[in-house]
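Coordinate analysis (summary)
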Amino acid sequence: MSLEDDIRIISGVSLFEELSSEQLRLLAFGAESKSLAEGTDLYRDGDSADCGYIVVSGAIDLFRDSQNGRRVLKRIEPGMILGELALITETTRLTGAVAAEDTKLLRINRSLFKRMLEEYPESAAYLHAKLSKQLRALLRSIGELDVHFNDS
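To keep things clear, this report deals only with the structure shown in the data block.

Quick word on helix α1 (residues 3-11)
Taken together, the buried positions of α1 are Asp 6, Ile 7, Ile 9 and Ile 10. What you see down the axis of α1 is that its buried residues fit within an arc of 165°, all on one side. Taken together, the buried residues of α1 touch α2 (21-30), β4 (51-57) and β10 (103-109).

A word on the pattern of salt bridges
Counted by the stated rule, this structure contains ten salt bridges. The residue Arg 75 makes a salt bridge to Asp 61 at a minimum N-O spacing of 2.7 Å. With a gap of 14 residues between them, Arg 75 in strand β6 (residues 69-76) and Asp 61 in strand β5 (residues 60-66) connect regions that are remote in the sequence. When its relative accessible area of 41% is taken as the criterion, Arg 75 is described as partly exposed. For Asp 61, a relative accessible area of 8% gives the class buried.

Some remarks on the environment of Leu 42
Within the element layout of this structure, Leu 42 appears in strand β2 (residues 41-43). The buried category is assigned to Leu 42, whose relative accessible area is 12%. Linking Leu 42 and Gly 96, residues 54 residues apart in sequence, is a C-alpha distance of 7.6 Å. Once residues lying within four places of it in the same chain are set aside, the contact partners of Leu 42 are Lys 34, Leu 36, Tyr 53, Ile 60, Leu 82, Ala 97, Val 98 and Leu 105.

Examining the pairing of β6
Relative to β6, β5 runs antiparallel, the two being bridged by seven bridges. The residue of β6 that forms the bridge with Ile 60 is Ile 76. The loop that links β5 with its antiparallel partner β6 comprises two residues.

Regarding the nonpolar core
Counting 25 residues, the largest nonpolar core has Ile 10, Phe 16, Leu 27, Ile 54, Ile 108 and Met 116 as its most contacted members. Elements with a contribution of two residues or more to this core: α1, α2, β4, β10, α3 (110-119) and α4 (122-149). Within the second largest apolar cluster, 13 residues are counted, among which are Leu 42, Tyr 53, Leu 62 and Ile 76.

Points about the sheet that holds β4
As summarised here, the arrangement of the four strands in space is β1-β10-β4-β7, forming an open sheet in which the pairing is antiparallel. If you trace the sheet from one side to the other, it starts and ends with β1 (32-36) and β7 (81-82), each paired once. By the bridge criterion, two bridges tie β4 to β7 in an arrangement that is antiparallel. Looking at the pairing, Tyr 53 lines up with Leu 82 of β7. Strand contacts of α1: β4 and β10, with the helix running at about 85° to β10, the strand carrying the most contacts.

Cut-offs and rules
- Residues numbered from 1 in each chain as written.
- Predicted model: local features only at pLDDT ≥ 70, side-chain atom pairs only at ≥ 80, totals over all residues.
- Heavy atoms only, no water.
- Buried < 20%, exposed > 50% of the residue type's maximum accessible area, 1.4 Å probe, protein only.
- Helix = DSSP H or I, 4+ residues; strand = E, 2+ residues; numbered from the N terminus.
- Arc of directions from axis to C-beta.
- Contact = heavy atoms within 4.5 Å.
- Salt bridge = Lys/Arg side-chain N within 4 Å of Asp/Glu carboxyl O.
- Pairing = 2+ DSSP bridges.
- Core = buried A, V, L, I, M, F, W, Y, C linked by side-chain atoms within 4.5 Å.
- Axes fitted to C-alpha atoms, helices over the stretch in contact; angles between N-to-C directions.

Here is the structure:
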């Protein structure tokens with residue numbers, strides 16, 4: 001994919017919709033392309049997280065493993081981002097992630113994201129509020145699902 005393709009993909013992600021063309025270009029320039037074959041794990045629950053991923057094509061299933069097998073919690077489709085919390089802070093993955101089909105991703109690492117925020121500090125407050133809202137919604141969803149799937 002070209003730099004312009006990557007900019008177009010990143011600009012379509014709701015988290016980044018308010019970024020300027022210069023900010024999008026910076027993220028796109030530093031983003032890494034990654035391909036996964038269907039059934040390949042992207043990461044596991046508890047892994048250290050240092051980046052976010054944008055699904056370009058295909059799909060990623062977020063899951064939890066238990067004694068009763070793997071339970072899919074959410075499907076991440078093209079134009080969606082996963083791991084956005086890792087863009088701003090050191091954390092671990094709250095779920096596992098596996099390619100539901102052959103998938104192409106853009107990987108944005110934390111250092112690149114922080115560099116963009118340092119170069120464009122006016123975006124930091126907007127992105128902080130948006131990420132906080134998304135994180136609260138995700139944690140609420142995972143908590144609701146845990147009640148239904150508790151193995152104890």
